[in-house]
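Topology and contacts: notes
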Amino acid sequence: MVDIGSTEISTPELSNINTPKQVGESGVEKTDKRTERKQEEEEFNNRKNEAVGKIKSGEDVQGKKLYDAYISSLSDPQTGDTSFLYTEAGKSVLNIEEPGEANKAVVAMDALYKKLGSEGYRINPKDIPDNLSPVERKQFLKDKITQDYHDGLAKKLADKFIDSYAGSLVELQDAKAELKSKTSIEDVSRTEVRKASYKVEDKVMKLLHMIERGTAQIGNTDIGEELKDEIEAREEVTEYVKSEEFGDLNPEDQARLIDTSVNNFRDKLEDDDKQQKAGWLDRMSEERKNATFKPIAEKDHEIINLRQNLEKNLNAEPWDICQMVSEIKELQLEKKALITKANITLLEQRLDEAKNGWEEGWDKTLNSFIRGKDKGKALGNLVSAGKEWVSSQGALLGEKLRKGVSDSIDRINSGLEEEKDNSVEALRNIDESFFLEARTQTNSIKERVTDIVVGTKDRVLRMNSETRNNIFNTERTLYEWVHEADISWQMSKMDIYEKGRRFGMETSIKAAGIIGEVTGRDLNEKVDSRLAAIERFSDREIRNKIETIKEENKDNPLFKHLEDDLERRLRPIEKMKNVKDKMAEPSREDVFQKPVITSPGEAMTTKVEGSISDKNVHVESQQTLTQDLTIDKQTGIKTREEYEDEQAKQIFDIKGKFYSVLNQALTIEQVFPALLTDNNNEKHRKFVDYKSSSNLLFDAIEDEQDLDRRRNMLMLLDKNVQNMQSVLDNLF
Amino acid sequence: MDDKQKLLQLIKMMKVPFSDKEVVEFVNKLSTESIEKLTSIYEEIKKFEDNLDYVVKNTDPVTYEKIKEEYSQKLLVLQEEFIRSAEEIQKRSDDQLDAEEIKSGKKIDESTSILMKEVDEIQNQHDSLCQFINQKLSTP
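Residues numbered from 1 in each chain as written. Chains lettered and ligands numbered in written order. Predicted model: local features only at pLDDT ≥ 70, side-chain atom pairs only at ≥ 80, totals over all residues. Heavy atoms only, no water.

Things to note about the overall build of chain B
- Counting secondary structure elements, chain B contains four helices and zero strands.
- In chain B, the succession of α and β elements from N to C terminus is α-α-α-α.
- Here the C-alpha radius of gyration of chain B, 36 Å, is well above what a compact globule of 140 residues would show, namely 14 Å.
- In terms of overall dimensions, chain B has a C-alpha envelope of 120 × 45 × 15 Å along the principal axes.
- In chain B, which comprises 140 residues, the share counted as buried stands at 51%.
- In chain B, the share of contacts with a sequence separation of at least 24, taken over all contacts with a separation of at least 6, comes to 55%.
- For chain B, the exposed surface amounts to about 6800 Å²; the carbon and sulfur share of it is 50%.
- Put simply, chain B has 21 plus and 31 minus side-chain charges, and the middle of one group is 2 Å from the middle of the other. (Helix = DSSP H or I, 4+ residues; strand = E, 2+ residues; numbered from the N terminus. Rg over C-alpha atoms; globule rule 2.2 N^0.38 Å. Buried < 20%, exposed > 50% of the residue type's maximum accessible area, 1.4 Å probe, protein only. Contact = heavy atoms within 4.5 Å. Areas by Shrake-Rupley, 256 points an atom, 1.4 Å probe, with all protein chains shown as cover. Lys, Arg positive; Asp, Glu negative; His and termini not counted. Charge placed at Lys NZ, Arg CZ, Asp CG, Glu CD.)

Below, the structure written as structure tokens:
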């Protein structure tokens with residue numbers, strides 16, 4: 001078992017800590033940065049420790065489940081290397097008084113300590129009292145090993161296992177805090193939120209990956225899937241926010257929000273003509289004020305609702321968060337347009353007030369110059385002055401305005417001809433022309449502003465939808481690739497299984513990694529039951545079951561996906577079965593691959609139909625291994641080739657045991673320095689002799705062609721290794 | 001855990017290329033018989049794969065660890081690539097929308113600024129007309 005901690009996911013924050021310093025930085029800056037990084041690292045570790053505390057106390061429910069699953073996995077030797085070593089060490093500690101068990105405990109514990117990242121299991125010679133007799137010393141060491149095993153080894157392993165989970169959790173919490181800070185800014189930035197939200201997604205993904213990997217390592221994929229679901233639910237919890245529309249608010253609240261919008265608008269008026277603008281604002285009719293600021297209040301309310309929604313849904317998928325931010329930005333643009341329109345309304349207020357001023361001005365003009373004794377002449381002067389002004393300024397006027405002014409002057413003129421005074425009405429019309437010209441402009445800009453915003457809104461909606469579709473398509477591709485990777489992972493295992501079967505699974509089992517090396521124990525039994533289950537598996541039965549539900553689901557397009565998946569999983573199994581069946585058919589080769597061992601005497605005398613009379617084979621007899629014989633297929637007597645294979649396997653096995661013993665000796669030397677040399681000189685000498693002799697034999701046996709001599713050498717080697725083990729077993 | 005939940009979990013564990021929403025939709029559409037049979041089919045295949053995993057892990061641990069590490073890394077890389085691609089897609093859209101909004105904001109500001117000038121101009125012209133007439137009328 002490899003601990004979960006081996007999936008080191010680098011933290012940008014922490015990885016920065018080791019970033020080389022920039023050239024040119026001053027010494028003070030370097031020191032400051034170093035101190036800052038150290039503080040960040042300390043802070044991170046403190047929070048990680050807090051997270052570990054929560055895991056152990058059960059406050060972090062899923063963390064605790066993971067921790068507990070690991071602890072229980074330690075007592076199940078079938079889980080993997082770590083639990084195997086742990087249980088083996090436990091068994092040896094329990095039987096520590098038996099010869100050789102202390103060695104086994106030490107070797108297994110040493111391997112476990114190495115898994116924890118330390119140099120290995122060590123006992124400081126200073127901790128061993130000097131005044132002990134050899135017997136007392138042995139007992140002291142046995143007690144010490146027992147104590148070290150029981151005193152928190154499981155806890156240390158579990159702490160190591162949970163460490164990366166805690167670290168990833170803290171990184172995720174940091175990323176979430178950063179996202180929260182980015183979304184709470186008034187002028188929220190798409191770029192900042194996008195970066196922060198995708199960082200959260202990355203951290204969630206890594207945490208889930210860690211769970212999957214960790215639980216797979218403790219052989220508990222079921223709990224892994226459960227935990228992933230629970231952690232996803234926990235870390236990606238979102239909340240439905242029931243927002244109250246502006247229209248649903250009571251009139252008092254609506255009025256209050258409108259007042260707030262008016263006040264905010266007033267506060268943000270530009271300084272240079274703030275007073276004047278504030279005056280226009282204050283003099284607006286309630287109707288105009290309401291018509292202007294109600295949409296702003298509505299927009300503000302909408303933005304607040306969306307912000308609350310965002311705040312409660314920071315755990316949503318990043319594309320959803322980005323879309324919410326996009327909607328906020330779009331509403332902010334709409335609000336900007338409404339504020340612009342409010343400014344235009346201020347302008348309209350200004351025009352209304354100006355128009356009243358114009359009327360008063362004309363009244364003064366009429367009173368001063370027209371309403372006198374010589375009214376006709378005065379009106380004539382008014383007409384000629386008006387015409388003169390139009391001819392000098394008219395080019396600057398818009399066509400409609402020029403016509404309006406000219407028509408009004410003509411109207412005074414035509415009144416004169418009819419001896420009528422049309423001046424008051426005509427001057428009002430002039431004002432109206434100017435006023436309408438200005439209002440046409442304000443209305444046109446208001447419409448333009450609306451068009452700009454509507455156009456942008458349409459584009460935002462379109463792009464958000466396109467973006468979402470593109471991301472979903474990418475996600476679909478991810479699902480397909482992950483599925484592909486899973487199928488390919490299963491097939492790789494089938495390949496290894498196939499090779500193992502072809503070349504002899506038993507040999508492989510005996511050489512099974514550290515477990516085999518360290519303990520020398522055989523995994524045959526445990527693997528056998530699983531092997532039998534694999535062989536029993538019937539892809540045909542599964543296919544028959546699929547057939548029974550195919551018709552019922554033929555119109556379900558997703559069922560097709562499932563069928564594809566099943567087909568892709570079953571096809572290699574079927575292929576594997578076919579190869580096996582082919583191998584099982586009787587064939588000329590099969591006689592030599594799967595011999596039935598019978599007694600040599602029987603083989604030499606029995607002949608039946610179908611014999612391979614032209615085949616010369618070497619069989620084992622009581623006298624010699626090199627006698628050439630013609631044998632019958634039914635006898636299954638070993639060929640020379642088979643015998644050589646068998647001996648090769650024996651050499652392999654003995655070599656495995658030999659290295660296992662050497663490994664034990666090496667570990668013992670490291671754990672208790674000089675135990676083998678200084679305190680057990682005689683035993684050490686014997687051990688070295690056996691070792692040297694074995695090395696010579698291993699070299700010689702490779703070149704030896706005589707099978708009898710090889711057999712003798714094998715026996716000697718086996719004895720040597722047993723003697724070496726015996727020396728070690730008697731050290732304690 | 002009932003069969004429906006078991007099947008949901010199995011489909012996810014086998015990494016069948018469905019989204020979470022699709023898995024739920026799919027399972028909800030199945031008859032009880034189909035759920036039962038599919039659950040049993042996937043349970044058997046899962047058991048086979050678990051047994052295979054155990055045997056390979058214990059018979060050839062070195063190769064097993066190597067391919068397992070490769071598989072684990074592959075999953076991590078695929079996830080990372082997806083997040084990178086999704087962020088890139090998002091970025092392209094964000095950049096365009098930001099640019100669009102800046103452009104729209106500018107257009108709004110420009111329109112307003114032109115309007116202010118035009119309205120000022122109209123008022124000035126009115127003032128100019130009044131002044132001109134008053135001046136002409138006041139001249140004997």
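Let's talk about the interface of chain A and chain B
- Contact with chain A, which involves 128 residues of that partner, is made by 96 residues of chain B.
- Buried area between chain A and chain B, both sides added, is near 10700 Å², and the carbon and sulfur share of it is 68%.
- Viewed at the interface, chain B and chain A are joined by 15 salt bridges.
- Here Glu388(A) and Lys136(B) are joined by a salt bridge, their closest N and O atoms 3.3 Å apart.
- There are 37 residue pairs in polar contact (both at pLDDT 80 or more) connecting chain A and chain B.
- Broken down by element, the side of chain A that touches chain B gets its largest block of residues, 38 residues, from helix 16 (residues 423-503) of chain A. (Buried area = accessible area lost by both parts, 1.4 Å probe. Salt bridge = Lys/Arg side-chain N within 4 Å of Asp/Glu carboxyl O. Polar contact = N/O pair within 3.5 Å; in protein donor to acceptor, adjacent residues only side chain to side chain.)

Here we look at the packing of helix 1 (residues 3-13) of chain B against helix 3 (residues 32-59) of chain B
All names here are of chain B.
- Between helix 1 and helix 3, the least distance of the axes is 9 Å, while the angle of their chain directions is 45°. Judged by the angle between their axes, helix 1 and helix 3 are oblique. In terms of crossing hand, the pair formed by helix 1 and helix 3 is left-handed. Mapping the contact onto sequence places Asp3, Lys4, Lys6, Leu7, Leu10 and Met13 in helix 1 and Ile35, Glu36, Leu38, Thr39, Tyr42, Glu43 and Lys46 in helix 3.
- Grouping the amino acids of the contact of helix 1 with helix 3 by side-chain chemistry returns six nonpolar, one polar and six charged. (Axes fitted to C-alpha atoms, helices over the stretch in contact; angles between N-to-C directions. Parallel < 35°, antiparallel > 145°, perpendicular 65-115°, else oblique. Left-handed = near helix turned anticlockwise from the far one by under 90°. Nonpolar A, V, L, I, M, F, W, Y, C, P; charged D, E, K, R; others polar.)

Looking at the environment of Leu94(A)
- Tracing the backbone shows Leu94(A) in helix 4 (residues 81-94).
- Placed 606 residues apart in sequence, Leu94(A) and Ala700(A) show a C-alpha to C-alpha distance of 41 Å.

Quick notes on a negative patch on the surface
- A contiguous patch of negative charge, built from Glu29(A), Asp32(A), Glu36(A), Glu40(A) and Glu43(A), is present on the exposed surface.
- Within the secondary structure, Glu29(A) is located in helix 2 (residues 27-57). (Patch = residues over 30% accessible without salt bridge, like charges linked within 9 Å, V, L, I, M, F, W, Y side chains within 5 Å.)

Some remarks on the pattern of salt bridges
- Under the definition given, this model contains 73 salt bridges over all chains.
- A salt bridge links Asp53(B) to Lys493(A), with the nearest nitrogen and oxygen atoms 2.7 Å apart. Residue Asp53(B) is located in helix 3, and its partner Lys493(A) is located in helix 16; the two belong to separate chains. Across the pair, exposure class does not vary: Asp53(B) and Lys493(A) are buried alike.
- Residue Glu551(A) is joined to Lys554(A) by a salt bridge in which the shortest nitrogen-to-oxygen separation is 3.1 Å.
- Residue Glu551(A) is classed as exposed on the basis of its relative accessible area of 54%.
- Three or more residues are tied together by salt bridges with common partners; here these are Arg288(A), Glu348(A), Asp352(A), Arg439(A) and Lys446(A).

A short note on helix 9 (residues 221-235) of chain A
- In a regular helix each residue adds 1.5 Å, so 15 residues correspond to 21 Å; helix 9 of chain A covers 20 Å between its end C-alpha atoms and thus fits that length.
- What helix 9 of chain A keeps buried is the set Ile223(A), Gly224(A), Glu225(A), Leu227(A), Lys228(A), Ile231(A) and Glu235(A).
- Residues of helix 9 of chain A that are buried in the fold lie against helix 3 (61-74), helix 7 (153-183) and helix 8 (190-217) of chain A together with helix 1 of chain B. (Expected span 1.5 Å × (residues − 1).)

Some thoughts on the confidence of the model for chain A
All names here are of chain A.
- Within chain A, residue pLDDT values average 80, and 83% of them lie at 70 or more.
- Here residues 1-23 is a poorly scored stretch, pLDDT under 50, and it has 55 contacts once near neighbours within four places are set aside; other chains count.
- Within the model, the stretch residues 506-522 combines pLDDT values under 50 with 42 contacts to residues more than four positions away or in other chains. (pLDDT = per-residue confidence, 0-100.)

Describing the confidence of the model for chain B
Residue and element names in this part refer to chain B.
- When pLDDT is averaged along chain B, the result is 91, and 99% of the positions lie at 70 or above.
- For chain B, per-element mean pLDDT is lowest for helix 2 (residues 20-29), which scores 89, and highest for helix 4 (residues 61-138), which scores 92.
- Two numbers describe this predicted complex: its pTM, 0.73, and its ipTM, 0.89.

Some words on the nonpolar core
Residue and element names in this part refer to chain A.
- One finds Tyr86, Ile145, Leu153, Leu157 and Tyr165 to be the most contacted residues of the largest nonpolar core, which totals 64 residues.
- Looking at this core, the element that brings in the most residues is helix 7, giving 13 residues.
- Setting aside residues up to four positions removed in sequence, Tyr165 forms contacts with Ile55, Asp60, Gln62, Gly63, Leu66, Leu207, Met210, Ile211, Ile231 and Arg234. (Core = buried A, V, L, I, M, F, W, Y, C linked by side-chain atoms within 4.5 Å.)

Re the packing of aromatic side chains
- Under the criterion given, the structure shown has 12 aromatic pairs over all chains.
- Taking the centre distance of 6.5 Å and the plane angle of 55° together, the rings of Trp389(A) and Phe434(A) count as tilted. Placement of Trp389(A) in helix 14 (residues 375-393) and of Phe434(A) in helix 16 is noted, with a sequence separation of 45 residues between them. Both residues of the pair, Trp389(A) and Phe434(A), count as buried.
- On the basis of an interplanar angle of 45° and a centroid distance of 4.7 Å, the ring pair of Phe537(A) and Phe48(B) is categorised as tilted. Highlighted residues: Phe537(A) in the loop between helix 19 (524-536) and helix 20 (539-550) and Phe48(B) in helix 3, drawn from two different chains.
- Note that Lys355(A) overlies the ring of Phe435(A), its terminal NZ or CZ placed 4.5 Å from the centroid.
- The residue whose ring lies beneath Arg530(A) is Tyr54(B), and the NZ or CZ to ring-centre distance is 4.2 Å. (Phe/Tyr/Trp six-rings, centres within 6.5 Å; stacked < 30°, edge-to-face > 60°. Lys NZ or Arg CZ within 6 Å of the ring centre and 35° of its normal.)

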